[in-house]
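# Inside the fold
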Amino acid sequence: MSTPYARLPGWADYGLIPLINLLVAFVVAGFVVLLVGENPFRAAVILVEGAFGRGQGIAYTLYYATTFIFTGLSVAVAVHCGLFNIGTEGQAYMGGLGVAIVCLSFDRMLPWWLTFPLAVFASAAIGALWALIPAYLQARRGSHIVITTIMFNFIAASIMVYLLVGPLKPLASQAPQTRLFLEGGRLPKLNWVIELFGGKVRSAPFNVSFLLALAMAFGMWVLVWRTRFGYEMRTYGFSPKAARYAGISETRVIVLIMMVSGAFAGMMALNPTMGDQHNVAIDFVSGAGFVGIAVALMGRSHPVGIVLAAILFGMLYQGGAELAFEISRDMIVIIQGLVILFAGALEHMFRPAIEALFASFSPRAVGLAASGKDG
Amino acid sequence: MAQAAIELVGISKSFGAVRANRGIDLEVARGTIHGIVGENGAGKSTLMSILYGFYQADSGEIRVGGRPASIRTPNDAIAAGIGMVHQHFMLVDNFTVLENVILGAESDAMLKKSIARARSELERLEREYGLEVDPDAIVEELPVGLQQRVEILKALYRGAEILILDEPTGVLTPAEADHLFRILRQLKEQGKTVVLITHKLREIMAITDTVSVMRQGAMVATRETKNTTVEELAELMVGRRVLLRVEKGEASPGAAKLAVDNLTVRDSRGVTMVDRVSFEVRAGEIVGIAGIAGNGQSELIEAICGIRRAVSGTVLLDGRPIDLTGAADPGELRERGLAHVPEDRHHVGLVLAFEENENSILGYHDRERYAKGMFLDIDAIRDDAREKIEKYDIRPADCRLKTANFSGGNQQKIVLAREIEQNPGVLIVGQPTRGVDVGAIEFIHKRLIAMRDAGKAVLLVSVELNEIRSLSDRILVMFEGRIVGERGPDATEGELGLLMAGVERRETAA
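Once that is clear, we can look at the domain arrangement of chain B. Residue and element names in this part refer to chain B. The domain architecture assigned to chain B consists of domain 1 (4-238) and domain 2 (256-509). The distance between the C-alpha centroids of domain 1 and domain 2 comes to 33 Å. Each partner contributes to the interface: domain 1 provides 13 residues, whereas domain 2 provides 17 residues. Listing elements by their share of the side of domain 1 that touches domain 2, those giving two or more residues are helix 6 (174-189) and helix 8 (230-238). Looking at the side of domain 1 that touches domain 2 residue by residue, the classes come out as seven nonpolar, four polar and two charged.

Residues and elements named next belong to chain B. In terms of burial, strand 8 (residues 193-198) is a largely internal element, six of the six residues being buried. Here strand 8 shows no split at all, with Thr 193, Val 195 and Ile 197 on one side and Val 194, Leu 196 and Thr 198 on the other all buried. Here strand 3 (residues 33-38) runs beside strand 8; their pairing, made up of five bridges, is parallel. Paired with Val 37 across the bridge in strand 8 is Thr 198.

Looking now at unusual backbone geometry. Arg 395 of chain B connects to Pro 396 of chain B through a cis peptide bond whose omega is -5°. Phi at His 278 of chain A is positive, roughly 60°, even though this residue is not glycine. We note that Asp 283 of chain A has phi near 60°; this positive angle belongs to a residue other than glycine. Taking the C-beta count within 10 Å as the criterion, Asp 283 of chain A has 13 such neighbours and is therefore assigned partly exposed.

A separate point is the sheet that holds strand 11 (residues 256-266) of chain B. All names here are of chain B. Strand order in this open sheet of four strands is 12-11-14-15, and the pairing throughout is antiparallel. Because the sheet does not close on itself, it has two edges, and the strands there are strand 12 (272-282) and strand 15 (320-321). Relative to strand 14 (residues 312-317), strand 11 is paired through five bridges, and the arrangement is antiparallel. By the bridge assignment for strand 14, Leu 258 is matched with Leu 317.

Let us look at the pairing of strand 1 (residues 4-15) of chain B. As judged from the eight bridges shared by strand 1 of chain B and strand 2 (residues 18-29) of chain B, these two strands associate in the antiparallel manner. By the bridge assignment, Ser 14 of chain B is partnered in strand 2 of chain B with Arg 19 of chain B.

All names here are of chain B. The sheet built from six strands is open, its strands ordered 6-7-8-3-9-10 with mixed pairing. Edge positions in the sheet fall to strand 6 (82-85) and strand 10 (218-224), since each has one partner strand and no second. Between one strand axis and the next, the sheet turns by 20° as a mean value, whatever way the strands run. Summarising the sheet, strand 6 and strand 7 (residues 162-166) pair through four bridges and their orientation is parallel. Among the inter-strand pairings, Ile 82 is bridged to a residue of strand 7, identified as Ile 162. Each of strand 3, strand 6, strand 7, strand 8 and strand 9 (210-215) touches helix 1 (residues 44-51); the most contacted strand, strand 7, lies at about 150° to it. Here helix 8 sits on the sheet and contacts strand 3, strand 9 and strand 10; the angle it forms with strand 9, its principal contact strand, is near 30°.

Procedures and definitions
Note that residues are indexed from 1 along each chain, following the sequence as it is written. Key to labels: chains lettered from A, ligands numbered from 1, both in the order written. Where totals are concerned, whole chains, interfaces and linings use all residues; where local detail is concerned, this predicted model gives features only for residues with pLDDT of at least 70, and gives and counts side-chain atom pairs only at 80 or more. Each domain's extent was defined by an automatic or database domain assignment. It is the C-beta atoms, placed from the backbone, that decide contacts: two residues are in contact if theirs lie within 7 Å. A run of H or I in DSSP becomes a helix once it reaches four residues, and a run of E becomes a strand once it reaches two; helices and strands are each numbered from the N terminus. Here the nonpolar group is Ala, Val, Leu, Ile, Met, Phe, Trp, Tyr, Cys and Pro; Asp, Glu, Lys and Arg are the charged ones; every other residue, Gly included, is treated as polar. Here the C-beta atoms are placed from the backbone, and a residue counts as buried if at least 20 other C-beta atoms lie within 10 Å of its own, exposed if 12 or fewer do, and partly exposed otherwise. Two strands form a pair only when DSSP identifies at least two bridges running between them. Lines fitted to the C-alpha atoms define the axes, with helices restricted to the stretch that makes contact. Angles between their N-to-C directions range from 0 to 180 degrees.

Written out as structure tokens, the structure is:
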């Protein structure tokens, strides 16, 4: 008996299933809201209106989404190689160091459009280097990447704390952060785009790094599905034995892909620092790396899915902030948790039922016609 | 007809969208040997797993000895008198035979009494059925054939009246298989019922009383063995006429293409798997390596193909050495004209999650014709894949389909097409027809002969003696890592079988 195998049409696989998961998450969340004595419909309205109701909300949603696109891409690209990079958090944090070095050095003399590429390069490079060590240990010594990247998160946090309370802190300041960047270290906002469509934005941190994020999403697609290296990496991800057979170097693939993953993570630092706060502050990543895991899972490790999932989580963050204000802070944590649970961890819960359903409608649609043919 | 030992009525089972069994009816008479044949994926193993309680049927009824039986777990099956000998033995390697037999059937807190009882019972069973095994031997020290006997003893000890054997001869030498058949006949004479699942038609003809054929999850025919032929069964399995004989002309070997000298390979535990092996493969000949699985054939191929490092020895490809110490780059060997169809196409030869066209360049993805700089030339790759699909009649003819959705035979054709179409000078083929349907076997064999006739050197490794005998121009026999003999294509099965079993093991195996 060969493995029972069914295939769903693309729209069901990538559209219907995530949608059902999401719906279930919200229904369960609704019951939780009900349980604490609030009206779930009111909560839903606050959440959605907070995120998409006004131009201001949309701008914030997209600002958060930018961050999550970077971290989601970081996690997803490694997943294609069969590696679980839990170190996105730390790599992003270290990326902040790259931003700080570039901005503190050049913000006086260069315009933003010159500092920005430098900062992109520096943050990506430091993020990549931070991923290089665990990658090397995995490839050459077999140290498990999950363990090493988790540990590297702690090391990154310690280093950044040391730098931000020491060398990077202005002398007279008591806050653990760099000085404010000058004009050359501040990214232009994109709020006008939303205003173009009639939304009103008072002030929101939605900035040009969103475009960089979209470009990187496209870049990831090209890398994974259109380059020779992407081919080698997917081969290794699916079957290390097949990669060995095909003459693909394990070390090269692991090290390079983890560096790409670290680079995506490092670039995440641009958004909250140059794009919003105009400094590098302690703990500026605040869990975005871990949200990236959920985003990658929900986006099925495909760039389009990741952008959509990142916008969803952006909505939860922004709408959640409104909800926290109106009802309670805990509510949004619960909803976020449920979305991660259903969309991420329980991703396959409804799959068998849906596959069976599709098969009963049309066996051809799920590829059964293929397995029945003779040799 | 005698009274039915087992009756299956309308058994259906689906896994998600796949319907593995569709309304199966089966009746096995008491005291007979009943064969079930079918291609891989026809649903044989699923059906037997339902009978043994591993799976629950979605619908249908099982009757044992005329009474409806509810079999929800293997324990229910054992209670109903059904025993199973699995393809992969379920034995505790470091236990003795006796300990394995009572495992799961211990009756007291202390073992002493059960062991004493089991010992006398075992002695009785051994006498009755000719199943001699030393009850105190450690299982891992026994040859495979004897381990299988332990499995049978286990089932009988639990009072099995009906014995199911799943592909029992896959791991046995011909002599061991013959002995197994003698045991099965003896069981039959004592009134036991045997159900034999296999895809080897020769065995069906040799030992069964009745035979049922499964195809695509359905039971398509049941015949009395004496009233059917191998050709008819093959046709029923595949659904069309099949040519079972391989036709080939004389070989006209040329210069040596591949020369292996004194090659020694150890596995990861440091056990010597290939022991000072030397041989040559010349242009225009097929050299077959026969042997029971696990005697070093896999390691030999892997070392030659640069996947596994060798300890010592040399391998010359077209007169130039292959770097064996630092694990040569398989990609570089491909450049030099060494193609390799690996034994394990599911994990090594193919990436099942890839689209067909992606697999058609595996290992050759660096070639100029498939790339534009650092990018893949998707159009070129797909055009190339379509050409191969056409030429090798790969079905379904869709190069965008996921490879996992192709049948075993078509998957093997994808690998063969990829390797042969690169026009290599040397082709190394491991188990080319394992898990491949009868129809595709015919095609694959013709392709290998065509390679030979085109003046290529072909090294064929297979555990199927028939395949080795019908394709090879020279046959090498491997046993415990060494080449223990060379024979011509006219060597008899018995002669090769003895070599495969190792001369010193002749007594235990015969």
